[in-house]
Amino acid sequence: MFRLDRIVVREIRMDLKETFRISSGVSQARRIALVEVVDADGAVGWGECVAGERPNYSPETIDTAWLALREWIAPVVVGRTFENPQALARALDDAFRGHRMAKACVEMASWDLAAMKLGVSLAGSLGGARQQIATGISLGIQERPSDLADRVGTALAAGYRRIKVKIAPGADEPYIRAAREAAGPDAPIMADANGGYRLEDAERLQTLDPYNLMMIEQPLGTDDLLRHAELQRQLRTPLCLDESITSPDRAADMIHLGSGRIINIKAGRVGGLTAALAIHDIAAAHAIPVWCGGMLESGIGRAHNVALASLPNFTIPGDVSPSSRYWHEDIVAPEWTMADGLITVPFDRPGLGVEVNRDRLEHLTVHQEVFENR
Ligand code: OSB
Ligand code: MG
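Residues numbered from 1 in each chain as written. Chains lettered and ligands numbered in written order. Predicted model: local features only at pLDDT ≥ 70, side-chain atom pairs only at ≥ 80, totals over all residues. Heavy atoms only, no water.

Enquirer: Can you help me understand the overall build of the protein chain in this one?
Expert: When you go through the protein chain residue by residue, the secondary structure sums to 12 helices and 16 strands. In terms of overall size, the protein chain behaves like a compact globule, its C-alpha atoms giving a radius of gyration of 20 Å where 374 residues would be expected to give roughly 21 Å. Across its three principal directions, the C-alpha atoms of the protein chain cover 60 × 40 × 35 Å. Here the protein chain holds 374 residues, and the buried ones make up 59% of them. (Helix = DSSP H or I, 4+ residues; strand = E, 2+ residues; numbered from the N terminus. Rg over C-alpha atoms; globule rule 2.2 N^0.38 Å. Buried < 20%, exposed > 50% of the residue type's maximum accessible area, 1.4 Å probe, protein only.)

Enquirer: Please clarify how the pairing of strand 1 (residues 2–22) should be interpreted in this entry.
Expert: Sheet faces and side chains relate simply in a regular strand, where the side chains alternate between the two faces. Sheet analysis places strand 1 next to strand 4 (residues 81–82), joined by 2 bridges and oriented antiparallel. Paired with Arg3 across the bridge in strand 4 is Thr81. As paired strands, strand 1 and strand 2 (residues 25–39) are joined by 14 bridges and run antiparallel to one another. The residue of strand 2 that forms the bridge with Ile12 is Ile32. Connecting the antiparallel pair strand 1 and strand 2 is a turn made up of 2 residues. (Pairing = 2+ DSSP bridges.)

Enquirer: When you look at the site of ligand 1 in this model, what are you seeing that I'm missing?
Expert: Lining the immediate surroundings of ligand 1 are 15 residues, of which Lys166, Asn194, Lys266, Leu296 and Tyr326 lie closest. At 3.0 Å from an oxygen atom of ligand 1 is found a side-chain nitrogen or oxygen belonging to Asp192. Here an oxygen atom of ligand 1 sits 2.9 Å away from a polar atom, N or O, in the main chain of Leu296. Per-class residue counts for the shell around ligand 1 are 5 nonpolar, 3 polar and 7 charged. (Near = heavy atom within 4 Å. Polar contact = N/O pair within 3.5 Å; in protein donor to acceptor, adjacent residues only side chain to side chain. Nonpolar A, V, L, I, M, F, W, Y, C, P; charged D, E, K, R; others polar.)

Enquirer: Explanation requested: the pairing of strand 6 (residues 136–139) in the structure shown.
Expert: Neither face of strand 6 is exposed, since Gly136 and Ser138 on one face and Ile137 and Leu139 on the opposite face are all buried. By the bridge criterion, 4 bridges tie strand 6 to strand 7 (residues 162–166) in an arrangement that is parallel. Bridge pairing in strand 7 links Ile137 to Ile163. Since strand 6 and strand 7 lie parallel, the crossover through helix 5 (residues 145–158) that links them has a hand, and here it is right-handed. (Right-handed = clockwise from strand over helix to strand, strands pointing away.)

Enquirer: Which parts of the structure should I look at to understand the packing of helix 9 (residues 248–257) against helix 10 (residues 273–285)?
Expert: Packed helix pairs are specified by the crossing angle of their axes together with the interaxial distance, meaning the distance between the axes. Where helix 9 contacts helix 10, the two axes come as close as 9 Å, and the packing angle between them is 20°. As far as their axial angle goes, helix 10 and helix 9 are roughly parallel. When you trace helix 9 past helix 10, the crossing you get is right-handed. Here Pro248, Ala251, Ala252 and Ile255 of helix 9 lie close against helix 10, whose contacting residues are Ala275, Ala278, Ile279, Ile282 and Ala283. (Axes fitted to C-alpha atoms, helices over the stretch in contact; angles between N-to-C directions. Parallel < 35°, antiparallel > 145°, perpendicular 65-115°, else oblique. Left-handed = near helix turned anticlockwise from the far one by under 90°. Contact = heavy atoms within 4.5 Å.)

Enquirer: Honestly, the coordination of the magnesium ion (ligand 2) in this entry has me stumped. Any pointers?
Expert: Perfect tetrahedral coordination of a metal by four donors corresponds to 109.5 degrees between them, and perfect octahedral coordination by six donors corresponds to 90 or 180 degrees. Protein-derived coordination of the magnesium ion (ligand 2) comes from Asp192 (OD), Glu217 (OE) and Asp242 (OD), at a distance range of 2.1 to 2.3 Å. Between the donor residues of the magnesium ion (ligand 2), the gaps in sequence give the motif D-x24-E-x24-D. Placement of Asp192 in strand 8 (residues 189–192) and of Asp242 in the loop between strand 10 (239–241) and helix 9 is noted, with a sequence separation of 50 residues between them. Here the two residues Asp192 and Asp242 agree in accessibility, since each one is buried. (Donors = N, O, S within 2.8 Å, 3.2 Å for Na, K, Ca; no water.)

Spelled out as structure tokens, the structure:
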């Protein structure tokens with residue numbers, strides 16, 4: 001049980017080590033909103049908003065999330081007592097539609113806070129089972145296929161257990177061919193289209209079938225569940241949905257319609273960890289494997305992803321790479337590291353399992369707003 005007395009929202013700026021290009025846009029200078037929730041006993045929880053700088057991945061952005069936090073989320077949760085994070089999730093779900101990434105950062109912070117109060121790890125409180133999670137890497141669209149081949153070789157040598165290659169119309173078959181040649185016939189590689197195609201492009205996507213990809217992620221638009229089902233009938237390669245799965249109901253719809261055979265779970269995309277757990281369970285009940293997606297998070301969002309990915313049905317390596325893949329310096333200590341392609345889940349430490357570096361946070365903060373119970 002907790003009563004949220006204060007929410008501190010801050011924007012930090014962090015430059016990615018390398019520009020990340022996907023079919024729907026480019027990221028380099030990240031603007032990240034972090035939330036700190038404080039309860040009546042002074043316990044603290046941290047969350048990270050995964051909304052981007054521009055509405056290319058989803059309609060939400062850091063600025064729409066901030067508006068939602070100020071106008072609609074804070075008024076629902078500040079000063080109110082909740083039995084547990086699930087009750088807070090329900091309150092936000094009932095209060096207003098959409099704005100899932102904005103809701104999720106507060107919901108996820110409340111999971112951290114609740115775990116801290118119990119003195120247990122976030123992974124443990126979610127029902128995590130795996131001591132280590134297998135690490136994948138997501139490679140952005142490169143200038144040339146040969147550049148991608150170099151990156152694939154380097155990633156495999158570094159120990160990554162799965163390689164994801166971003167594709168777009170005009171940057172697909174030659175890139176996938178180069179990636180497969182560099183990786184060898186059996187290496188676990190997959191493609192992510194971020195909704196760049198239309199059903200009329202089915203023949204173009206069929207040219208990827210010979211490359212033995214683990215899956216093609218989100219070839220069509222967010223709302224295209226029926227069209228994904230039609231496309232899946234025309235492809236041998238399994239489809240995986242990311243953008244389309246915005247709630248547990250959408251996951252059930254996908255399974256019912258045959259719109260894909262694998263689900264990428266991002267807690268931020270679905271309104272928080274409560275919904276992420278529900279999707280995990282629905283998928284498990286239908287023998288649909290899931291993996292944990294990434295949104296170029298700082299060490300705080302990464303902590304939530306590591307905890308989530310420790311659940312039993314996360315059987316495919318996710319986009320949860322070590323801190324050094326993204327940042328010159330992360331905002332948590334210890335930073336997230338990979339050994340032999342694995343990240344260790346900090347079951348032995350409470351909450352996120354890492355310390356937030358407040359000095360560094362102050363240094364990176366460009367503005368902040370406090371919502372208080374008064
Ligand atoms: O589709 O998974 C995606 C990053 C931004 C927006 C969408 C996506 C991604 C990634 C990044 O693939 C994966 C990562 O965080 O390493
Ligand atoms: Mg994706």
